[in-house]
Amino acid sequence: MHHLSTDICHYLYSLADEQNGNNVSLELNGVSTLIVQNREDAEYVLRRNYENYEKNMAWFKQALGTSRFFENGQIWKLHKNLTQPFLNRFDDQQTVKLSIHHAQQGVAQLIDDSCAGQPTLDDGIFRKMAMAVFIENFFQVSLEESGINIDNIAELMEFSSEFSFIPAGILNTQHRRRLVKLRALRRQVNADLKIFRDPERINPLLARILNAEAEPGSQVVLEEELMAFLAAGSESTAATMSWVCYLLANHPEQQERLYQEVMMHPHPTNWQQLSQMPGLMTFISEALRLYPPIPIIIRQAIGADKIGNDAISARQNIIISFIGIMRNKNVYPNPAELNLRDEDYSPLNDKESGIGISFSHGPRICGGKDFALVELAGFVHTFLKQASFTLTSDLPPRFYWKSQMINQGGQPVRVTPRLD
Ligand code: HEM
C-alpha cells in the first residue's frame, strides 16, 4: 500500500528503474491503479481508446469551477473552442520579443540573488517571467497592470493537486478543511481577475468567453476559464526553466557548446531562427525528458478494458508516468544521461523525444504546446547568452509534486553574468 503525496515523483523515478518499461498495478489511497510506463500503452489510453479514459477531477472541479482543463466530452469541446483558436494562431515574432525581454529581467534578478549569496534559485522569478509573457501576449496587458498575484495562482495549483487522487465520495475531515481553504483562495484569485471584465480591456479572446458566458444556461464563467488558462499557461513553463538551469549547471561543457551556438545567432526574432539551433532545441527537449514538468497525468476508466496484459475494471485509475515512459531502456540507451545528438537531429520531428512526449498526446494534448516551445526557446537562448550557471550543491534533486514537478527549496544553482 502506497500513500500518495507531494512525494510521488521519487516513487516514479524508482519505479522507472526497477520495473523499466513495464506497467505496474497497485493500490493507491485505496484505489486500484495502473501506472503506465511505456509509450504504446500511453498512446492507447490517450489517443486510440481515449473515449474510455476520462479526466477524473471531481474535487478539482468543485474547488476551481468549470474550464477546459477539467471537463470531458461535449462540455470540454465547448470550453476548448473558447481559447484554442487563439493558442493556434499567436504571433511568434511577438512571443519571441516578449520572451527575450522578460528573460532578460528574470536573469538579471537571478544574478542579483546569487550575488547576494542566495544558494538556490527562486521559483517565483520563473513564474513571473512566464506569466508576464503569457498575459502580455494574449491580453495585451502587462503583469503589473493586471494586478494578478502570481503566488495566489501557484498556491491554488498546489492546493488542488492534493485532491487529484481522491476518488469521488471519499473525503476525510482534513480534506474537507483544505477544500474550504481552497475555495477561499479561489475567491481571492477571482477578485484579482476583475480587470478582465473592464470594457476597456476587452480583446477578441475575452469577448469570445464573455459572449459564451452570456448565453442562456451557459456553464461558462470568465474567471474560472481564465484561472485554469493562466495556471496552465505559466506554471509548467516556469518549472521547465528551473530544470533547464539545473541541467545547464550540471553540464558545464555542454553549456559552453550551447553558448557558442547561440552567439552564432545572437539576435533571433522568430520561431524559425530559434528552431534551427539544433543544440538549443535538443537541450530543451532533454530537460523535458529528464525532468518532465508535468510528470504524470491521471485518468479513470469508464468501462472494463485491457491495457497491455492488464485487465482494467470500470472506475480503475490510470496514471500515465511520463517519467517512466521517457526512461524506457528499450528506447533510450542511457535514459538517465543527457543525450545530445548530432547536427541533423531535430527533437521536433522525433515522437520519442522529450518534446514529443511531455506535452501528452491525442485529443487532450497540451493546448499551448507551440506557444510553450517558442517561449522556452526565447527564454533559454537569452539565459545562455547573458549568464553562466554553476551548481552550489551535488545533492540529488528533492522532487516535489504540486501539479508540476519542482525541486523543493529551489534549484541549487549560482547565476553569474557573462562578460562579453
Ligand atoms: C513546458 C511547458 C508545458 C508543458 C510540459 C505542458 C504539458 C501539458 C500536458 C501534459 C497537458 C495534459 C494534461 C492532462 O491531460 O491531464 C497539458 C494541457 C494543457 N496545456 Fe500545457 N504544457 C505546457 C505549457 C502550456 C502553455 C504555455 C499553455 C498555454 C499557452 C498550455 C495550455 C494547456 C491547456 C489549455 C491544456 C488543456 C488541454 C485540454 O485538455 O483542453 N500549456 N499541458
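Residues numbered from 1 in each chain as written. Predicted model: local features only at pLDDT ≥ 70, side-chain atom pairs only at ≥ 80, totals over all residues. Heavy atoms only, no water.

Under an unreviewed UniProt entry, the name given to the chain is Cytochrome P450, and the source organism is Limnobaculum eriocheiris. The UniProt entry for the chain carries the following comment under Cofactor (unreviewed entry): "heme". (UniProt positions renumbered as here; feature names shortened; annotations may be inferred.)

Engineer: Quick question: what am I supposed to make of the packing of aromatic side chains here?
Structural biologist: Each aromatic ring pair is summarised here by two numbers: the centre-to-centre distance and the angle between the ring planes. Scanning the model with the defined rule gives 17 aromatic pairs in all. Note on Trp243 and Tyr246: the rings are 5.8 Å apart at their centroids and 85 degrees apart in plane angle, and the pair reads as edge-to-face. With Trp243 and Tyr246 both in helix α11 (residues 222–250) and 3 residues apart, this pair spans about one turn of that helix. Looking at Tyr246, the relative accessible area reads 6%, which means it is buried. Aromatic side chains Trp243 and Tyr291 sit 4.4 Å apart centroid to centroid with 15 degrees between the ring planes, which places their arrangement in the stacked category. (Phe/Tyr/Trp six-rings, centres within 6.5 Å; stacked < 30°, edge-to-face > 60°. Helix = DSSP H or I, 4+ residues; strand = E, 2+ residues; numbered from the N terminus. Buried < 20%, exposed > 50% of the residue type's maximum accessible area, 1.4 Å probe, protein only.)

Engineer: What is the right way to look at the environment of Phe196 in this model?
Structural biologist: You can see Phe196 is positioned in the loop between α9 (173–192) and α10 (204–214). The class of Phe196 is buried, set by a relative accessible area of 2%. It is 8.4 Å that separates the C-alpha atoms of Phe196 and Leu222, two residues lying 26 residues apart in sequence. Not counting chain neighbours up to four residues away, the residues in contact with Phe196 comprise Phe139, Ile148, Ile202, Leu206, Leu222 and Leu226. (Contact = heavy atoms within 4.5 Å.)

Engineer: I'm lost on the nonpolar core in this one. Help?
Structural biologist: Proteins that are soluble and globular tend to have nonpolar side chains buried together. With 111 residues, the main nonpolar core has Phe139, Phe383 and Phe389 as its most contacted residues. With 15 residues, α11 is the largest single contributor of residues to this core. Leaving out residues up to four positions away in the same chain, Phe383 has contacts with Ala103, Val107, Leu110, Phe126, Met129, Met241, Cys245 and Phe389. Of all hydrophobic cores here, the second largest spans 18 residues; its members include Leu34, Ile312, Ile318 and Ile320. (Core = buried A, V, L, I, M, F, W, Y, C linked by side-chain atoms within 4.5 Å.)

Engineer: Is there a simple way to explain the coordination of the iron atom of the ligand in this structure?
Structural biologist: Tetrahedral coordination by four donors puts the ideal angle at the metal at 109.5 degrees, and octahedral coordination by six puts it at 90 or 180 degrees. Protein coordination of the iron atom of the ligand rests on one atom only, Cys366 (SG), at 2.3 Å. Relative to the assigned elements, Cys366 resides in the loop between α16 (354–357) and α17 (369–386). (Donors = N, O, S within 2.8 Å, 3.2 Å for Na, K, Ca; no water.)

Engineer: What's the story with the site of the ligand in this structure? I'm lost.
Structural biologist: Near the ligand you find 27 residues, and of these Arg68, Trp76, Arg299, Arg364 and Cys366 are the closest. Within the side chain of Lys55, a nitrogen or oxygen atom sits 3.2 Å from an oxygen atom of the ligand. In the model, an oxygen atom of the ligand is placed 2.7 Å from a nitrogen or oxygen of the Arg364 side chain. Ranked by residues supplied to the shell around the ligand, first place goes to α11 with 5 residues. (Near = heavy atom within 4 Å. Polar contact = N/O pair within 3.5 Å; in protein donor to acceptor, adjacent residues only side chain to side chain.)

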